Amino acid sequence: MHHLPRKAVVPAAGLGTRLLPATKAQPKEMLPLVDRPAIQYIIEEAVSAGLDDILVITGKSKWSIEDHFDKSFELEKHLESSGKIEELDLVRSISDLAELHYVRQGEPLGLGHAVSMAKQHISGEPFAVLLADDIMISDHPLLSGMMQLYGEQQCSVLALMEVPSQDISLYGCVSYEPTENAEIVRVTGIVEKPDPDEAPSNFAVIGRYIFTPEIFDCLDKTKPGRNGEIQLTDAISLLLKQQPIFGYVVKDGRFDVGTKIDYLTAIVELALVRDDLGPQFLAILTEIVSRFEDKPSARTPRERMSHAMSEIMRKLEHKPKSK
Ligand code: UTP
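This structure is a prediction, so every number in the text was calculated from the model and none was measured.

Draft legend 1. Up close: the packing of aromatic side chains. By the definition in use, this model includes 4 aromatic pairs. When the ring of Phe127 is compared with that of Phe211, the centres are 5.9 Å apart and the planes differ by 50°; the resulting orientation is tilted. With a gap of 84 residues between them, Phe127 in strand S6 (residues 127–130) and Phe211 in strand S11 (residues 203–211) connect regions that are remote in the sequence. Comparing Phe127 with Phe211, the two get one shared label, buried. Ring plane angle 20° and centroid distance 5.5 Å describe the contact between Tyr209 and Phe211, whose orientation is recorded as stacked. The pair formed by Tyr209 and Phe211 is uniform in burial state, with each residue classed as buried. An aromatic cluster of three or more residues is present, and its members are Phe127, Tyr209, Phe211 and Phe216. Seen from the ring of Tyr41, Arg36 lies directly overhead, with NZ or CZ sitting 5.5 Å from the centre.

This is the structure:
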């Protein structure tokens, strides 16, 4: 009998160089999106798709991830004695979220290498992989859809998103055959970060996967590829030679919070949908945007500075001269 995956792997051992200097001494996965670290959204997503055994791949300077999901006796005692019951419940709910396990990737030798660290813990079961810096904000629950597809096909499933051709060189990219369902394709090939004119399609692989356990043998056989890293894409390409792989297509709602622009956008999106913050934040945002639209000259920091200087000069010129 086939089972649905019940374990998830969350690789979080990358260096986060695109967010430096913020990530010099703290993990990018712990940077806050509104009021919780990015990785908490990932763990919550896994749990709501029915995956409550979660292995986080950590590395150097990543202790704060473990601390965040651990019990915090001192903080709990303090909140309890000061009657902050709402905050106490909030803090407790984090450590009760899921059964979390950790394994360290000694050196960040690539995403494929990070996933291979999970072999022992997964012990021959199908499992999901959620990248810790890919945040999904959508009414359409991607991971549950992928789980359902796995249940029907008993094959590995990759999350795919169509991207503009000039961006395809940032992703793994698949060739595919359509199926009668527009959301589902059959993957026929995969290549890491192709040049736009050599890309087999505009379908990019994004940070959600479901794998059959055979991916580990493929990872064992995968030699360092692009940038000298063990690429997950290369192992998927080997797996595809042995068994069918399906793609589950999403249209939007994905934010790579390991980049500055998506990090900012995700915060805005997440704040706007919150009942406690959304209406007030929308009013503030609207005011800021209209201020910037009214004064195109105040758009860049340099222009803002020069605008501010001329305002000061104007005020000084009109100030009555002291005798
Ligand atoms: P990224 O390539 O986005 O992460 O990997 P990075 O290496 O931290 O990014 P930059 O380019 O330096 O900014 C995707 C995911 O895989 C994890 C990362 O933590 C991220 O969640 N990863 C990557 C590992 O766990 N180990 C690795 O060796 C590489």
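Draft legend 2. Molecular detail of the layout of surface pockets. Put simply, the largest pocket is a space of about 1300 Å³. What lines the largest pocket is a set of 46 residues, and nearest its centre among them are Arg18, Lys28, Leu131, Asp133 and Lys193. Those elements that provide at least two residues to the lining of the largest pocket are helix H5 (111–116), strand S8 (156–162), strand S10 (184–192), S11, helix H9 (232–242), strand S13 (254–256) and helix H10 (260–272). In terms of residue class, the lining of the largest pocket is made up of 21 nonpolar, 11 polar and 14 charged. Counted as a void, the second largest pocket has a volume near 560 Å³. Along the wall of the second largest pocket there are 24 residues; nearest its centre are Tyr41, Glu45, Met136, Ile137 and Ser138. No other element matches the 5 residues that helix H1 (residues 38–48) contributes to the lining of the second largest pocket.

Draft legend 3. Local environment of the site of the ligand. As a matter of local geometry, the ligand sits amid 19 residues, with Gly14, Gly16, Thr17, Gln105 and Gly110 nearest to it. Interatomic distance of 2.8 Å between a backbone N/O atom of Gly110 and an oxygen atom of the ligand. In isolation the ligand exposes 580 Å². Once the protein is present, 83% of that is buried. Using a 2 Å cut-off from the grid points, one finds that the ligand occupies the largest pocket. Of the residues belonging to the shell around the ligand, the class tally is 10 nonpolar, 5 polar and 4 charged.

Draft legend 4. Focus on the pattern of salt bridges. Applying the stated rule across the entire model yields 17 salt bridges. The residue Glu125 makes a salt bridge to Arg6 at a minimum N-O spacing of 3.0 Å. Taken together, the positions of Glu125 in the loop between helix H6 (119–122) and S6 and Arg6 in the segment before strand S1 (7–11) put the pair 119 residues apart, joining distant regions of the chain. Note that Lys62 is salt-bridged to Glu29, the shortest N-O span being 2.9 Å. Note that Lys62 is positioned in the loop between strand S4 (53–58) and helix H2 (63–69) and Glu29 in the loop between S1 and strand S2 (32–33), a separation of 33 residues in sequence.

Draft legend 5. Region of the structure containing the environment of Leu142. Along the chain, the position of Leu142 falls in helix H7 (residues 142–153). For the pair Leu142 and Phe216, spaced 74 residues apart in the sequence, the C-alpha separation amounts to 24 Å.

Reading the values: rules and limits
Residues numbered from 1 in each chain as written. Predicted model: local features only at pLDDT ≥ 70, side-chain atom pairs only at ≥ 80, totals over all residues. Heavy atoms only, no water. Phe/Tyr/Trp six-rings, centres within 6.5 Å; stacked < 30°, edge-to-face > 60°. Helix = DSSP H or I, 4+ residues; strand = E, 2+ residues; numbered from the N terminus. Buried < 20%, exposed > 50% of the residue type's maximum accessible area, 1.4 Å probe, protein only. Lys NZ or Arg CZ within 6 Å of the ring centre and 35° of its normal. 1 Å grid on protein atoms, 1.4 Å probe; cavity = no way out; pocket = protein on both sides within 12 Å on 5 of 7 lines; lining within 4 Å. Points joined across faces, edges and corners; volume = space filled by probe spheres on them. Nonpolar A, V, L, I, M, F, W, Y, C, P; charged D, E, K, R; others polar. Near = heavy atom within 4 Å. Polar contact = N/O pair within 3.5 Å; in protein donor to acceptor, adjacent residues only side chain to side chain. Areas by Shrake-Rupley, 256 points an atom, 1.4 Å probe, with all protein chains shown as cover. Sits in = over half its atoms within 2 Å of the grid points. Salt bridge = Lys/Arg side-chain N within 4 Å of Asp/Glu carboxyl O.

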